[in-house]
Structures are given as C-alpha cells and as structure tokens.
Amino acid sequence: MYQWRKFEFFEEKNSGVGKKANKIAEEEEEEKVIECCSSGRGKLVIGYNDGTISLLDRGLNFNFSFHAHSSSVLFLQQLKQRNFLVTIGEDEQISPQQSSMCLKVFDLDKMQPETSTSTATSSSSTTTPDCIGILRIFTTQFPQAKITSFLVLEEAPPILLIAIGLDNGCIYCIKGDIGRERITRFRLQVDDNSPITGLGFRVDGQALQLFAVTPASVTLFSLQNQPPKRQTLDHIGSTVNSVTMSDRLELIIGRPEAVYFYEVDGRGPCWAFEGEKKFLGWFRGYLLCVIADQRNGKNTFNVYDLKNRLIAHSIVVKEVTHMLCEWGNIILIMADKSALCIGEKDMESKLDMLFKKNLYTVAINLVQSQQADAAATAEVLRKYGDHLYSKQDYDEAMAQYIHTIGHLEPSYVIQKFLDAQRIYNLTNYLEKLHEKGLASKDHTTLLLNCYTKLKDVGKLNIFIKSEDGVGEHKFDVETAIRVCRAANYHEHAMYVAKKAGRHELYLKILLEDLGRYDEALHYISGLEPSQAGVTVKEYGKILIEHKPVETIEILMRLCTEDKESVKRGSSSAYISMLPSPVDFLNIFIHHPESLMDFLEKYTTKVKDETQVEIHNTLLELYLSNDLNFPSVSQADKDEDLNLRALGKVVADRKDSAKENDRLERRDKGLRLLKSAWPSELEQPLYDVDLAIILCEMNAFNEGLLYLYEKMKLYKEVIACYMQAHDHEGLIACCKRLGDSGKGGDPSLWADLLKYFGELGEDCSKEVKQVLAYIERDDILPPIIVLQTLSRNPCLTLSVIKDYIARKLEQESKLIEEDRRSIDKYQEDTLAMRKEVEDLRTNARIFQLSKCTACTFTLDLPAVHFMCMHSFHQRCLGDNEKECPECAPEYRSVLETKRSLEQNSKDQDQFFQQVKSSKDGFSVIAEYFGKGIISKPSNGPTGALRSGNASSSTGL
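Since this is a predicted model, take the numbers as computed values, not measurements. (Residues numbered from 1 in each chain as written. Predicted model: local features only at pLDDT ≥ 70, side-chain atom pairs only at ≥ 80, totals over all residues. Heavy atoms only, no water.)

Novice: Please explain the sheet that holds strand β16 (residues 207–214) as it appears in this structure.
Specialist: By way of backbone hydrogen bonds, the strands of a sheet pair with one another, either parallel or antiparallel. The four strands are arranged β15-β16-β17-β18 in an open sheet whose pairing can be described as antiparallel. The strands lining the two open edges of the sheet, one partner per strand, are β15 (198–204) and β18 (229–234). Taking each pair of neighbouring strands and ignoring which way they run, the sheet shows an average axis angle of 20 degrees. Direction of pairing for β15 relative to β16: antiparallel, over a ladder of seven bridges. Within β16, the position partnered with Gly198 by the bridge is Val213. (Pairing = 2+ DSSP bridges. Helix = DSSP H or I, 4+ residues; strand = E, 2+ residues; numbered from the N terminus. Axes fitted to C-alpha atoms, helices over the stretch in contact; angles between N-to-C directions.)

Here it is as structure tokens:
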C-alpha cells in the first residue's frame, strides 16, 4: 500500500469533550470512565462507569445527563428511526437468583423531573428521560455470561431486534415490543468458548441476516428461516472494535495483515493494510482505520478511498477508545477524554488540490465515485481534456471531450480541433454528438464535410444508412441532403431523402442533378395521389420539357378516375377530391402544345359542368396566333428578334407550317365554341366575355359571329360584316336575322340602308335588294329612305325611282280611302247632331203598343225611354233609369272611354307604342282622335245620353 497517494481531503476540528465531566468529577470527588458511546439524531450519547449517561450537542458541548443504571453502563445505542436509547448496564441485584444485568429503553422525547441526593448531602433537581421498558437479560433459560458485543436493529416500529454477544460463543436475541413486554427470545450458538467480538445485521428485502465474528470464525445466520440457518464464512476472525459494516451491507474485518470484506457467500476482496487494527469504521464510502505501529508504538488514523486507491487523510493520534460518525464528521474519543473531529472538505477544494498537481484522472475518479452531478463531472473532464490538448495529446484529449457531450458547448471543442487541423478527431467527436441526438444543422454540415474531405465513403455510408426505423434520423435531413449534393454524393442524398419521405428533395436530385427523368416519373407514379400532385406541381416544368407524353399520362391518372373505379361506384366526395387540371397549368408555361394536348384528353374523358376554366384555357390556345400565352410571348420577344436575324429563308419555311397549324386550331376553337354551348343551356361552359375578347384580339370573325348570333346581338353581327365589307354576306345575314316572322330584328334593314347610304361607293345592286325588303315589311317611311340614301353621292335617282313610284301610288290610294272615310264620318256626325237637336227642342211621340220586354199589350203604368223602347213598369222592376235593351251597349262605351282615360295617364305605354310603331305620327293622331290627349272640358256633359236620357210617363 505504499504506492497509494496521500491527500488531505479531510480537515481537523479540535474540540474538547469531558470538560463538563471533569467538572462534575471534581465536584463529586470521583473520576468517571467512559465505558461506551453512540451517536444519532444529531447528538452524541456517552455512557460512564457510574451508570450516568450524558448527551452532547453538535459543538460537543454538554447538554444534559441522567442516571440510567445504578452501577455501570456497559453498552448503549441511539436508534435512528425513533428517538429511543437502548442501554445495557448493571443495576442492584434484587435476589441471588436474578442477574444484575438489565436492558433499558429510554424515550428521549419524554422527559420527567428527577430528584437525587448526592454523597455530599446536597440535593439537586435534574430531568431524566422516560424509561419505557426494563428487561432482565439473563434468566434460567439464558444463563449469565459476560457480554462482549451488542447491536440493535429497528424493524417496523415498535419492534426491535436486539443481538447480545457473549464470551461463551452464544448470541442472545430478543425480538418484540419491549415497552409492552411482548417479546420472544432465542439463542444462536457460534463457537464454544470463543467470545463474540462483532455483530452486523444485513437486511436485503425480505432477507434478514446476522453476521457474527469471533477470534476464530466468521458466521452468517439467516434469521428469516426457522430455525435460523447457520453458515460459516471463514475460520479466522478478529478482535473487538475491528468489525464494522459498509454501506453496501458488507462485513468488514480488520486483522494485523489486512482488511477483509465478507458477503453472504463468503470472503470477498481484501486490502493489505499492515498493522494492528484498533478500530474500523465506514464513512461515506471511506474506510476508517486506527492502526497501531508496533515499531514506534504510535497510532495512526487513516481514511482510505478504496475505489480510487488513495489515502484521503492520515494523522497520528493518541490512544483511541471510541470512534463515531455524526453531523458529517468523524469523531475520535481518546483515552484522556479529549475528542478529535475530522470533517471532509468540499468537492471544489479537493478538486483544486488535484488540479494543482495535474492529477486529473484521480479527480475524475473522485467525482464519479462520490456521485457528483453530471455538470461537475463534465467540468473536470473538460479541464483534463484541456490539459491533454496543451500537451498535444489530441487523441486522449478528444476522448475526454467526448465524455462531456451534453454538458459542454460543442463549439468549444470544435473550435480547438479546427485550429489544430485534427480532422480525424473532429470527425469522431461529431459522430458521438450525432449518436446522442445533440447535433444541430451546422454540426451535420461539418461532419458530412469531414467525410467528403476525407473521402471516407465507408463512414459516410454508416452515418447515412445505419439508422433504425423509417424516418428516424439523428441529423437534420435537409442539411445532410444539401451537403451530399454539393459534394456530388447524389446517391447518399437520394437515400436520405427517400427514407425521410422527402419526395420533393428526392425528385430534385433525380431531375436537377442526375437527369434521370424516367426514374423520376416512375417514382412519382408510386406515390400517394396527394403527394404525387404536390411533386408534379413543383417539378412538372422539367418533366414536361423532357418527357411530355409520360408526364401527361401521370396527370391524367391524377385528375381523372379510372373507368373500373367508376363502375365500382365511387362517391362524389372522392371525385371532388381529385385535383383539377387548372392546378397544373403553370408547369406548361413554356409548352403550350403539351398543355393543349393534356386539356383535350381531359375534356374528352371527363364530361361535367365544371370545366369553364379549362375551356377558357383551350380557347386561348386555339385562337392564339402564336400558340403562346401572353406572358410567354412577351418574355420571348428578344428570342424572336434573334430568330428573325437568322434570315428570311428560315422564316419562310416555318410560315406554311404555322399557318396550317393556326387554321387547324381555329377549327378546333370554333367546334369548342359550339359544343360547349348546347341549346339546352342558357349559359355556355366558358366565359363568353373572354371568348369575345379572344376572337377580337386574334381577328377570328367566325367565332365572333357565332357568339354574337348566339347572344342575339344582331347589330354586332352585321357590324362584323360591315367591317369586312362583305356586302353579300351582310345581306344574307339580314335575310336570316331580320325576318320578324322568325323572331328576327327588322331594324337591321334600316341599319343596313344607313350603311350603304354612308358607304361612299356605288352599291346600287345591294341598295335595291335592301329597298325590296324594307318595302315588303314597311320598315321605314319613304322620306327616311330618301334622306339616308342622299348621303351617298355615288347613288343615282334611278336606284329608288321604282321604289318612290310604288310608294307614291300606295300613298295616293291611302289618301283616297281616308277622304272617303272622312266624308262618311262627317255625314254621321251631322246626323247625330241633328238628332240631338231634335231631342232638345221637339217632343217625342211614343206609339209602341206592346212592351219591349214581355211583348204583351202595353198598359198603364208604363215607362217610355228616349231610345223609343217602352216597358210595363212591372217588367222593369226597380231599374227605371235606363233601358234594359240599350244599357249593355252604353256600358261598353263607358268602359272603353274609362280605359282610354286610364291609358292616357300611362306615359310609358304611349312612348313605347310610338317607338315600336312603324309610323309614330299615326299613333299620336290616333290618341288625338280618341280624345285621350285633348284638353278636358269642365262644363256639364248634359243629359242627352242615348242609354240614360229617358222620360217616364204615368197614366
């Protein structure tokens, strides 16, 4: 053991014990001898040879004392769980048959006053703890012998297990509640005539065992068995005070040649500490030994750290009588009643001491053995690593730094090894950092860069491909892929992306780095529809550029449902979840031909009413002159300029193909305009306004004419013909659209006549055709026709001569008819006026002899009406004011007049009739003729009404 280093991990604290005892001894003129000691629950308990027990506090100051036994206190033990004190001492012998040796149990929490008289005839009042139990140790069944050892085990309160070792090789055991005298006794036999020098309890779960040591043997009793099972562990023992128990429940025995450890299965390790072992103890993992040196007669107190193989403290002491541990200190009581307190230094002080001596391995072992926190351990390892780094021992330094992962900032280590250009050590550190899941994106980048610089493909494979489980990576996936791509390790980057389910990154490598378009398409085909849709949106431009046909097939599978699934009956919810082709339009931005192909296939396979946007896009493609989106055309202006610079020959070759393609697309566009607007739908399956704009922008007259005609915008239709100067088509269109009998608009002929009147060229043939239709349907009055055609200086009078002649002839006939009607109305008016005058001035003679109603002979009373109808009064009933025969006609006239008066108030209807009539003047004349808009008369209307002017005669 001379190789063991010595350190001062403990410091001495000098205190004196016995000051109060000396003082008491002086007063009582006697000297007390310390027989036994114990510690626990924050106090020291000392038993004297006069039966007195004293209690000391943490400062080793006297607290109080009491008389426990009348003669001497031989053994005592302070319990830990309860504040009980168990003592063995000599008391007065009551009878010769009974032994004076007693066991007592004191409750130190219960104090009571006690009055005692001293030998000096002076009385003093003290306090004593309550004695809750007194037990005679020796009985007839357990004969008396000298007690050599004593030990108490606290089981479940209030049960105690007391083992008393005797000089005859026996162990008396007492178990139970001593306060209630509920106990059992049993005896264990070790050796014949060999004193029991040491005892030790071992409790492991339900197993309760007792070590017993004699000078000649070491024995183990299993007390859970009945009867207890005995097992001899060794045939060599030890003396008194050289037996103790470790915190790992090992029995420790000190002999002159060594210190031995015993477990339940026999002797364990031994430590060759030479010298007589006066005392053995165990304190916080340290072995305490008081060793007597036979050569110089001195006693040395050593504190051994067995795990780290060092002497934590060593000091020469006087003769030691007792050794205790309390308050985190070791207390040695000497024969002269002085005490030596030794306390352990704090961890920081011990480590500083080791660091000054560069004993880093000892420091590491120390913090690990004393179960220091991980941060403290990491700090020691860091300092050790710094020490090795300063000595340029980079491998060992890195080994220490690796142990600090999780506590030391990685940048501290990385910076050191970047400066030293120790890339191998740095790689090792970064690998460990990733294994513990503490690496950041930067650490992953650095590690992969290390692999690539070292060209260590094997380690790169292990790092990338050795992960367990799908998607469980100890590194940042995006960072790993980025670094591998930059270093041209594309296969590794693809592996990581595929395993992590990062489909977009996997495809990015395939398409942008490797150009494996077929493989990318195959990979997309195997994805879920939602994932496939996302990847196609992102990388569809590249795929369309290199593999348009295959890409369109994938898009068709994504956007349409298979016929088989339709037959099985798919829910509408699933169909609504399918992506729309509109979502993928952006990938065709530079390839409109492929887009047209894709949309044509889609519209052919899928027929629904939600294709407005698709049809709009198709129309834009069909009607575009250059087959490009406006944005693309604008972006490619520079390219077109460069192409024109190549020469006119190249352009001429392309013109024919372009023209054929343009005509073919326009045919498709016209078919789409017609097919997407079936007759049963009010609105088409495309945006009409957009379609019109496209037709106008690209001068597609066929489509424009169809849309105007479909929307009944006939004036816009003929405007298109007018712009094209297509006179033949213009007249044909008016024949088709201007026939009022077929729902057409006759006003188109008026517009057409106006057009020819303002044309400024000879169009006599066309004007004659127009005048024929105007004359047939009487659309315009001749004066308007003359004013319109007079604006064209190229037209002669011969064009309208026949038309004017026919119109004058018609007008003459109408005038003649009107004159005859006027003469007739004047004659009727004169007759009516004469009749009215006659009624006002002359008497009327009634000569009817029969009743108009019943045709019987007229008798009185009778009623005669001015209309020359006569009735019996009984035939009229209550209605004597109007003629029953003329009243219906009169009422109809009144109703007609009232209706006309009501209509005169409806101005909208009047103006509507004027506007819609061929001759508005005739409507106004009709209103005047009916008296609707004449000035109303405020005078009396008179009583000469044909139906109401009556005269009743009696008699």
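Novice: Mind showing me how you'd approach a negative patch on the surface here?
Specialist: The grouping of Glu11, Asp346, Glu348 and Asp352 at the surface amounts to a negative patch. Inspection of the secondary structure assignment puts Glu11 in strand β2 (residues 10–16). (Patch = residues over 30% accessible without salt bridge, like charges linked within 9 Å, V, L, I, M, F, W, Y side chains within 5 Å. Areas by Shrake-Rupley, 256 points an atom, 1.4 Å probe, with all protein chains shown as cover. Salt bridge = Lys/Arg side-chain N within 4 Å of Asp/Glu carboxyl O. Lys, Arg positive; Asp, Glu negative; His and termini not counted. Charge placed at Lys NZ, Arg CZ, Asp CG, Glu CD.)

Novice: Can you help me understand the sheet that holds strand β5 (residues 52–56) in this one?
Specialist: Reading across from one edge, β3-β4-β5-β6 is the order of the four strands in this open sheet, with antiparallel pairing throughout. Only two strands of the sheet have a single partner each, and these edge strands are β3 (34–40) and β6 (62–67). On average, adjacent strands in this sheet sit at an angle of 20 degrees to one another, irrespective of strand direction.

Novice: It is not clear to me how the environment of Val496 should be interpreted in this structure. Could you clarify?
Specialist: Relative to the helices and strands, Val496 is located in helix α11 (residues 490–499). Sequence spacing of Val496 and Ile464 is 32 residues, and the spatial spacing of their C-alpha atoms is 6.8 Å.

Novice: Where do I start with the packing of aromatic side chains in this structure?
Specialist: The description of two aromatic rings rests on the distance between their centres and on the angle between their planes. Evaluated as defined, the whole model comprises 23 aromatic pairs. Consider the rings of Tyr389 and Tyr394, whose centres lie 5.3 Å apart with planes at 70 degrees: the pair is edge-to-face. Take Tyr389 and Tyr394: they sit in the same class, and that class is buried. Following the ring pairs from residue to residue traces out a cluster consisting of Tyr389, Tyr394, Tyr401, Tyr412 and Phe417. Here the basic side chain of Lys32 rests over the ring of Tyr48, its NZ or CZ set 5.4 Å away from the ring centre. Over the aromatic face of Tyr260 sits the side chain of Arg255, whose NZ or CZ is 4.4 Å from the ring centroid. (Phe/Tyr/Trp six-rings, centres within 6.5 Å; stacked < 30°, edge-to-face > 60°. Buried < 20%, exposed > 50% of the residue type's maximum accessible area, 1.4 Å probe, protein only. Lys NZ or Arg CZ within 6 Å of the ring centre and 35° of its normal.)

Novice: I tried to follow the pairing of strand β29 (residues 338–344) on my own but got confused; where do I start?
Specialist: Put simply, side chains in a regular strand alternate between the two faces of the sheet. The buried count for β29 comes to six of seven residues, which makes it a mostly enclosed element. Bridging between strand β28 (residues 329–334) and β29 involves five bridges; their strand directions are antiparallel. Looking at the pairing, Ile333 lines up with Ala339 of β29. Hairpin remark: β28 followed by β29, antiparallel, with three residues in the connecting loop; positive phi at Lys337, about 70 degrees.

Novice: Which parts of the structure should I look at to understand unusual backbone geometry?
Specialist: The bulk of non-glycine residues show a negative phi, and the bulk of peptide bonds are trans. Looking along the chain, the bond that leaves Pro157 and enters Pro158 is cis, with omega of 5 degrees. Omega for the peptide link from Leu860 to Pro861 comes to -5 degrees, which places this bond in the cis form. Looking at the secondary structure, you find Pro861 in the loop between α30 (798–841) and β30 (862–865). Unusually for a residue other than glycine, Lys337 sits at a positive phi of about 70 degrees. Along the chain, Lys337 turns up in the loop between β28 and β29. Notably, Thr855 is not glycine yet its phi reads approximately 65 degrees, a positive angle. Considering the arrangement of structural elements, one finds Thr855 in the loop between α30 and β30.

Novice: What is the right way to look at a nonpolar patch on the surface in this model?
Specialist: A cluster of nonpolar side chains, namely Ile783, Ile784 and Leu786, defines an oily patch on the protein surface of about 230 Å² accessible area. Among the secondary structure elements, Ile784 is positioned in helix α29 (residues 782–789).

Novice: Explanation requested: the layout of surface pockets in the structure shown.
Specialist: Sizing a probe to match a water molecule and rolling it over the atoms shows the empty space that remains. Taken as a whole, the largest pocket encloses approximately 1800 Å³ of empty space. Lining the largest pocket are 48 residues, with Gln77, Phe150, Leu151, Val243 and Thr244 sitting closest to its centre. Residue assignment for the lining of the largest pocket shows that the elements contributing at least two residues are β3, β7 (72–78), β11 (147–154), β15, β19 (243–245), β23 (276–283) and β27 (320–326). Element by element, the count of residues in the lining of the largest pocket is highest for β11, at eight residues. (1 Å grid on protein atoms, 1.4 Å probe; cavity = no way out; pocket = protein on both sides within 12 Å on 5 of 7 lines; lining within 4 Å. Points joined across faces, edges and corners; volume = space filled by probe spheres on them.)

Novice: What is the right way to look at the pattern of salt bridges in this model?
Specialist: It is possible for side chains bearing opposite charge to pair when their charged atoms get close. Tallied over the full model, the rule gives 26 salt bridges. Close ionic contact of Arg248 with Glu250 constitutes a salt bridge, the shortest N to O distance being 3.3 Å. Residue classification places Arg248 among the exposed residues on the basis of a relative accessible area of 52%. The class of Glu250 is buried, set by a relative accessible area of 8%. Notably, a salt bridge pairs Arg891 with Glu882, separated by 2.9 Å at the nearest N-O pair. Classification of Arg891 by relative accessible area gives partly exposed; the value is 45%. Put simply, Asp234, Arg255 and Arg267 are held in one network by salt bridges that share partners.

In short, shape yes, function no, at least from these values alone.
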